[in-house]
Every structure is written in C-alpha cells, then in structure tokens.
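# Survey of secondary and tertiary structure
Read off the chains here:
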Amino acid sequence: MSHLDANERTWDRLARENSQFANVASDEECEHPLLALDRRGWLPGSVKGLDVLCLASGGGWQSILYAVAGANVTVVDLSPEMLKRDDQQARIRNVHVKTMQASMDDLLELGDSSFDIVHHPVSSCYIPKLKFVYQEVARVLRDEGLYISQHKQPTSLQIVERDQRNRYVLGVSYYHNDPLPAVQDTAYREEGSIEYLHRWEELVGELCRSGFVIEDLSEPRRGDPKAKPDDFRHRGMFTAPYVRMKARRKARDEITESSGQTIWTPDS
Ligand SMILES: C[S@@+](CC[C@H](N)C(=O)[O-])C[C@H]1O[C@@H](n2cnc3c(N)ncnc32)[C@H](O)[C@@H]1O
C-alpha cells in the first residue's frame, strides 16, 4: 500500500475515533482565536481579510479559529473524514471554510501567490521528501508571506523502545530514508501510518533553500520531571518531540537577484 493510501486510511480512522488530534475548536478558544492558535505572538495582530491556507490541518481546529478571526480560509488535508469535521464545524460556527482533499506536496489546484499565511501543523512525517512540500508552500505564498510549521524531530523518531532501565533506545539510523519501522510506543507515532524521518538539513536547510528566512524557532515542551516512565511526558524529558518554525517567504525578485543567479524560483 502506498504511503498516501495508508495515511489517508489511518487518519480517517483517527477522526472517527475522535483522536486528540481531531479535536475541534471549543467555544472558549473561539472567543480568543488568535491566542489559541499562537501563544508566541508569531501571527499579526489581526488576520481579518487575509488569505490563510491550513495545510494538512483537517479536524476542525485551526481552520475554524482562523475563520472566526475573520480570515479567508482554505484547508487542505489527505483525509476526507478530517475534512468533514471542518465542514461540520464551519456550519455550526456559521463561518465559511473551503475544504480540499490533496497531498501537501502536490497543491496543483491552488494558484501561485494566493496566500498570506500558511499554517502547517505536525504532518511532514507522512511525506518522504520534505523539499516538495516546502516548494509548494513557497509557490502558493505571496512575497513576505508567513509560514508557520511544526514537525516531528528526528531524534524522537529514531527511538524504537524503552529498555529495562527506562532509557530510550535510538534504534533507527539518522540517515534512514525508508518508511520508519512500526514501534510499540505510539505516544509520538500514529499506529497504522507510514512515517519518514527528516534530518535537520532537510527541516531547516531545505526550508532556507526553498526561499524562506527563518525568523524564530521553538521546541514545544512535552516533558514533565514528575512523569512516570509509561507516560509520554517521561519520554518528553529526554528528547523534544517537536520543533516549530516561523519563516518568511523571501520576495521573488530577492531570490533571483541574490548572488547574481537564480537559487530557485517556484516558476522555474
Ligand atoms: C496531526 S494531524 C494535524 C491536524 C490537526 N488539526 C492538529 O491540530 O494537529 C496530521 C494531519 O495530516 C494529514 N495528512 C497526512 N498525510 C497527508 C498528506 N500527504 N497531505 C495532506 N495531509 C496529510 C492527516 O490526515 C491529519 O489530518
């Protein structure tokens, strides 16, 4: 089965099972949507009237919060069941959200320079080649557009088990290119999905090479020093599971002019 088929099936199931990643926006969150979306102040003070792409972001959380905040929202996801939640929540909240089933590395139906913000929660692990995702984001973003993305960190994905002394074993090579082996501890993996490890040179380097400047980077904390070993927060004390990046799309003429030669343009 291809990674796309496996991941669509897995996320359809997770949506039906009401996974924590398919939580819809609450009334409380809708009262302060930008605060719920962004506690670090990475978003502009208002998103009213801005064109926002919620990428691989089905489930009725991000899309609804942006729409409630007045943005024009398109949400792309591979899973029809996740997108169904966005449609349902948009009806309930009386806002408009455009839903589209597509893979994040192939956004053919979306025009060049059509968004001001791309918001991309954890999901790049489902794609073998991250650079194609970044290139699509660079293409659909306007000059100076904002790209907020979160990814699984490679070290966390290298962990295959916890040993008898409660140490976490790195059992996958850092240079592993194939789908990751299944693991028993699914705290930071989704059972049934096909996932890939992306090294730092891909997570950060490919982003820069795709025409972005990184403005900030954080590692959302999941660790708790009091957590017991069978709790995901125990593992979170040993390795940060996620990285979140705020990046700005360089103006297209800036990319073409730097060093006198074209590094990469989405039109080339
Ligand atoms: C962790 S969930 C993120 C969405 C969720 N609303 C959240 O708050 O975290 C990952 C999402 O990625 C989607 N996904 C997996 N592979 C994808 C692909 N190739 N293209 C687009 N979306 C994909 C899944 O269907 C799922 O909705």
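Source: prediction; values computed, not measured.

## With respect to the side chain of R189
Structurally, the position occupied by R189 is in the loop between β7 (168–170) and α8 (200–209). Reaching out from R189, the side chain makes a polar contact with the backbone oxygen of P181 at a distance of 3.1 Å. Side chain to side chain, R189 and E195 meet in a polar contact 3.1 Å long. Each residue touching R189, except ones within four places of it in the same chain, is listed here: K152, L157, L180, P181, A182, V183 and E195.

## Overview of the packing of aromatic side chains
On inspection of all chains with the given rule, the structure shows eight aromatic pairs. Here the aromatic rings of Y147 and F212 are separated by 5.3 Å at their centres, their planes lie at 45 degrees, and the arrangement is tilted. Residue Y147 is found in strand β5 (residues 141–152), and its partner F212 is found in strand β8 (residues 212–218); the two are separated by 65 residues along the sequence. Ring centres of Y188 and Y242 lie 6.1 Å apart, and the angle between their planes is 70 degrees; this geometry places the pair in the edge-to-face category. Of this pair, Y188 sits in the loop between β7 and α8 while Y242 sits in strand β9 (residues 242–249), and the two are 54 residues apart along the sequence. Pair check on accessibility: Y188 and Y242 agree, each one buried. One aromatic cluster is present, built from ring pairs that chain together W11, F21 and Y126.

## Observations concerning helix α1 (residues 3–16)
Helix length check: α1, at 14 residues, gives a terminal C-alpha distance of 20 Å against a target of 20 Å (1.5 Å per residue), a fit within 8%. For α1, the complete set of buried residues consists of H3, A6, N7, T10, W11, D12, L14 and A15. Directly beyond the C-terminal end of α1, a positive phi value near 55 degrees is found at N18.

## Let's talk about the pattern of salt bridges
Scanning the model with the defined rule gives 18 salt bridges in all. Note that E17 and R13 form a salt bridge whose closest N and O atoms lie 3.3 Å from each other. E17 gets classed as partly exposed once you look at its relative accessible area, which sits at 48%. For R13, a relative accessible area of 29% gives the class partly exposed. In this structure, E81 engages K84 in a salt bridge whose closest nitrogen and oxygen atoms are separated by 3.3 Å. Residue E81 and its partner K84 are both found in helix α5 (residues 80–93); the two are separated by three residues, about one turn of the helix. The network of salt bridges with shared partners includes K152, R189, E190 and E195.

## So, the site of the ligand
Of all residues adjacent to the ligand, which total 19 residues, the nearest are G58, Q62, D77, S103 and M104. D77 has a polar side-chain atom sitting 2.5 Å from an oxygen atom of the ligand. L78 has a polar backbone atom sitting 3.3 Å from a nitrogen atom of the ligand. Its residues assigned to classes, the shell around the ligand shows twelve nonpolar, six polar and one charged.

## Overview of the sheet that holds β5
Overall, mixed pairing links the seven strands, which are arranged β3-β2-β1-β4-β5-β9-β8 in an open sheet. If you trace the sheet from one side to the other, it starts and ends with β3 (97–101) and β8, each paired once. Each neighbouring strand pair of the sheet contributes to a mean axis angle of 15 degrees, computed without reference to strand direction. As paired strands, β8 and β9 are joined by six bridges and run antiparallel to one another. Across the sheet, the residue bridging to V213 is R248, located in β9.

## Notes on the pairing of β9
Where burial is concerned, most of β9 is hidden: seven out of the eight residues are buried. As paired strands, β5 and β9 are joined by seven bridges and run antiparallel to one another. Note that in β9 the partner of Y147 across the bridge is A247.

## Focus on the packing of α1 against α5
Where α1 contacts α5, the two axes come as close as 7 Å, and the packing angle between them is 45 degrees. On the basis of the axis angle, α1 is oblique to α5. Contacts between α1 and α5 pair E8, W11, D12, A15 and R16 from the former with P80, E81, M82 and R85 from the latter. When its residues are assigned to classes, the contact of α1 with α5 shows four nonpolar, no polar and five charged.

Cut-offs and rules
- Residues numbered from 1 in each chain as written.
- Predicted model: local features only at pLDDT ≥ 70, side-chain atom pairs only at ≥ 80, totals over all residues.
- Heavy atoms only, no water.
- Helix = DSSP H or I, 4+ residues; strand = E, 2+ residues; numbered from the N terminus.
- Polar contact = N/O pair within 3.5 Å; in protein donor to acceptor, adjacent residues only side chain to side chain.
- Contact = heavy atoms within 4.5 Å.
- Phe/Tyr/Trp six-rings, centres within 6.5 Å; stacked < 30°, edge-to-face > 60°.
- Buried < 20%, exposed > 50% of the residue type's maximum accessible area, 1.4 Å probe, protein only.
- Expected span 1.5 Å × (residues − 1).
- Salt bridge = Lys/Arg side-chain N within 4 Å of Asp/Glu carboxyl O.
- Near = heavy atom within 4 Å.
- Nonpolar A, V, L, I, M, F, W, Y, C, P; charged D, E, K, R; others polar.
- Pairing = 2+ DSSP bridges.
- Axes fitted to C-alpha atoms, helices over the stretch in contact; angles between N-to-C directions.
- Parallel < 35°, antiparallel > 145°, perpendicular 65-115°, else oblique.

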